[in-house]
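Single-letter residue listing:
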Amino acid sequence: MEQQIFHHTYENGITLVAQPMPWLESAAFSIAVPAGCQYDALPQRGIANFVCEMVQRGCGELNSREFIEALESLGVDYSSSASLYNTNFGGAMQAAQLHDALRVYADVLQRPSFPEDQLEDGRSVCFQEIAALKDDLAQRALQKLRTNFYGSIEGRNCEGTHETVQSITLSDIRNFYDQHYRPNGLIIACAGKLDFDLLQTHVGELFQDWQSKPDPFVPTAPSTHGAEHIEHESEQTHIAIAYPGVPYSHEDYYLNRGAIGVLSGGMSSRLFTEVREKRGLCYTVFASCHTLKDKGAVLCYSGTTNERAQETLDVIIEELQKMALGIKEDELRRLKVQIKSGMVMQQESCRGRAGSIAGDWFHLGRVRTLDEVNEKINQLTVESINEYLAANPPQSFDIVTLGPQPLEFEANEISATQA
Amino acid sequence: MKYRQHRLNNGLNILAECNPQAYTSAFGFFVRTGARDETSEISGVSHFLEHMVFKGTPNRSAAQVNLELDEMGSSSNARTGEESTIYHAAVLPEFQGQIVELLSDIMRPSLRIDDFETEKQVIIEEIKMYDDQPPYGGYERVMSEFFGKHPLGQSVLGTVDSVSGLTPESMMSYFEERYSPSNICFAGAGKIDFDQLVEDLDKHCGQWTPFSPGRSTQAADYRTGFVSMHKPNSHQQYILQMAAGPSSTQEIRFATAVLCSIIGDDSGSRLYWEFLDSGLAESAGMGGYDYQGSGAIMSFICCSPDQAQENLGRLAKLQQNIRNEGITQKELDLAKRKIASHIVLASERTNSRMFSIGAQWLSEESFKTVAEIAAIYESVTLDQIHEALETFPLDQNMTVTVGPCEDLVAPQ
């Protein structure tokens, strides 16, 4: 499968990166604006998310309703969200509409009108997003775990709290926009049926007048490792576990990714086999690689009825610790096929590709091609993964449980709490 | 792109959309069986059986099934609904022969007692998992209230009690009543060698003995009403509402689907502007549930408890307005534009093509290509939309609300 990646960085710092997929009739874009919730001031937590909502409530010549209608008349299936580093806008559509859709987003990013009469509706939407998290017990456990593991800034959720969102004014929103929405560091990734030269000219025309701005200061906050229980009268106990991994940009990334694939990559993976298939302890169990720009984590989750939660936790910890002893040849063989097959399947979706090349550009400053990833996967050996695991054995776990009763664990399994 | 079809002597249907340009292939067994085909004693057996299908055959242990699925790098899964059970896998085209053999083999499961008892625990965990997730049994409740004694009101998961009472023997006798080759279709999409596929399926499934599983598809006698379920430790209030809708073979289902998009799509719809743009609700939407012989249109709202009573009133008023004033041409045009775009995006995934083919067979429709389906939606007129509105009045519904509110009442 031929894969060509084109990119161009404009004078103001915007990078356009694209993959033509001529076998499709559709196209998609994924825009990452370097205005994520890491910039939220503590009393204004949730502001990046609120700004993301507000830039879509009137921009350029369009009012709030006309903006949605413009996207609908182009048949754009759109989405937006704030994340730690970026605020993301994405859309997928029939290929012929890509240029017109980007024209609409040029207004969103450069000419939001922030109409005062939309402020309270926008705020209510943000309140709803905060409320939505509360009934999702698995997400609540995992969110608390990320906050403990990465600290209160890098591990934060972008929604903020009711109180902080309540306090945000229209002028706060304008200020956040003025300081953080900027072309330097902004990524526009496109994939699908497209002509890169035409796209490059078009994007240049849409964004060339936008002036770059200084990069704002990024605050940091310490982690609060350890174990924590959240009491809740639920049918299941939700167990979330984290330990240090490596970021996507790290040379050992695929070694760790390979190890986690063996642990939790398919129906024959260790966690699925030991926790669910052999013991019937749960319906859901997984481990996955989570990445920030300069650090990573392995996150595990399982939900299990309260009486069996202790056994579930014990089996998961045992399997995690057993990883230090290494993986086997047949496990790696299966994993390689799975990863490769997954990569080919991703080629069917321009939306998936646009998102993933935007992510690559953000983390690496370039895009790993299929060939390159293939080569990295081919190079994985049992020896190299086992060496990595011996040097980086899963340990010092951060644990969050949510349910009626706390669980027990050995003190030496838990990451030391930092002052 | 070529549509191919074949029927084995024992009645097993093979349907495929073969696209030599595709990079992957997707396959699935579609069985016309589900919760509506169960009696209350064996409630949940269709879904439990779906799990047991992956637990091995006379030729393979449960672990071997999992190993082989992973060795092919397959993306596989299964699902059970009110009237269908689907087993599916997507693979690289080079694995066609292997995946077809594996899927065929597991369709004749052993139901070994050890595996059965372990998997029963997984099913109970699944039931408990959904008990903790919104809308906390609200969907099962609105189905059972709306359909009443009609089999479509039966729960797919069953209860902890009904599942605990199941035995390999009761499951096997259900299997022997439902899994006739004539009641099953094998659907494929993507890069497929069809002649080879037919030859392989004949070899692996040709000896399956056919019989005639029955199913009553008598139209349901829908019920209306208002039911409140108290769930004190939920933060949000969940509102689920069911009204009559088209069955899976009624021609008006296409206009109804467009109507659902106009009223309840997650962007730009009537519900969107009323509830989501304004932040009056966390989520709001409307969609069709079409079955053989009966159908429903479900509206749902999730919002904070203090807004629930007013939102119930707003929903009723919105439905009334639509009924009195109808839909505009502009709304219809935008919805069609959106649907056309969704059809193109979905058609690019072999998995979604395979599902479309299988689902068409399940409802006993004749096969339609992507272009034909797109043309049908494009041809929907405002008159047809208004006919759908008249035929399926949204204000005659069964409403179930779940959450911390104790005193919600039906809007006047």
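Cut-offs used in this document
- By convention here, each chain's residues receive numbers from 1 onward along its written sequence.
- Here the convention is simple: chains get letters from A, ligands get numbers from 1, in the order in which they are written.
- Totals for whole chains, interfaces and linings use all residues, but because this is a predicted model, local features are given only for residues with pLDDT of at least 70 and pairs of side-chain atoms are given and counted only at 80 or more.
- Pairing between two strands is assigned when DSSP locates at least 2 bridges connecting them.
- Each helix is a run of DSSP H or I of at least 4 residues and each strand a run of E of at least 2, with the numbering of both proceeding from the N terminus.
- Note on geometry: axes are lines fitted to C-alpha atoms, helical ones only across the stretch in contact, with angles between N-to-C directions running from 0 to 180 degrees.
- Residues are treated as contacting if the C-beta atoms built from their backbones sit within 7 Å of each other.
- What counts as a domain boundary in this text is fixed by an automatic or database domain assignment.
- Three categories are distinguished: nonpolar for Ala, Val, Leu, Ile, Met, Phe, Trp, Tyr, Cys and Pro, charged for Asp, Glu, Lys and Arg, and polar for the others, with Gly belonging to the last.

A. Summary view of the sheet that holds strand β12 (residues 296-305) of chain A. Strand order in the open sheet formed by five strands is β9-β13-β10-β12-β11 (chain A), with mixed pairing between adjacent strands. Since the sheet does not close on itself, it has two edges, and those belong to β9 (227-231) and β11 (284-291) of chain A, each with one partner. The sheet shows a mean angle of 15° between the axes of neighbouring strands, taken without regard to direction. Relative to strand β13 (residues 398-403) of chain A, strand β10 (residues 236-245) of chain A runs antiparallel, the two sharing five bridges. Counterpart to H238(A) in the pairing with β13(A) is L402(A). In the packing of helix α5 (residues 137-150) of chain A onto the sheet, contacts are made with β9, β10, β12 and β13 of chain A, and the angle to β13(A) comes to roughly 150°. Strand contacts of helix α4 (residues 113-131) of chain B: β10, β11 and β12 of chain A, with the helix running at about 100° to β12(A), the strand carrying the most contacts.

B. Inspection of the domain arrangement of chain B at higher detail. All names here are of chain B. By domain assignment, chain B separates into domain 1 (2-205) and domain 2 (225-403). Inter-centroid distance (C-alpha atoms) of domain 1 to domain 2 is 27 Å. Counting residues at the interface gives 34 residues for domain 1 and 27 residues for domain 2. Elements with a contribution of two residues or more to the side of domain 1 that touches domain 2: β2 (13-18), β3 (25-31), β7 (85-91), α5 (138-147) and β8 (184-190). Top contributing element to the side of domain 1 that touches domain 2 by residue count: α5, with six residues. Taken together, the residues that form the side of domain 1 that touches domain 2 break down as 18 nonpolar, 10 polar and six charged.

C. Geometry of the domain arrangement of chain A. All names here are of chain A. Taken as a whole, chain A is organised into domain 1 (6-207) and domain 2 (227-413). Between the C-alpha centres of domain 1 and domain 2 the distance comes to 29 Å. Taken together, the contacts link 31 residues of domain 1 with 26 residues of domain 2. Counting residues per element, the side of domain 1 that touches domain 2 draws most heavily on α5, at 10 residues.

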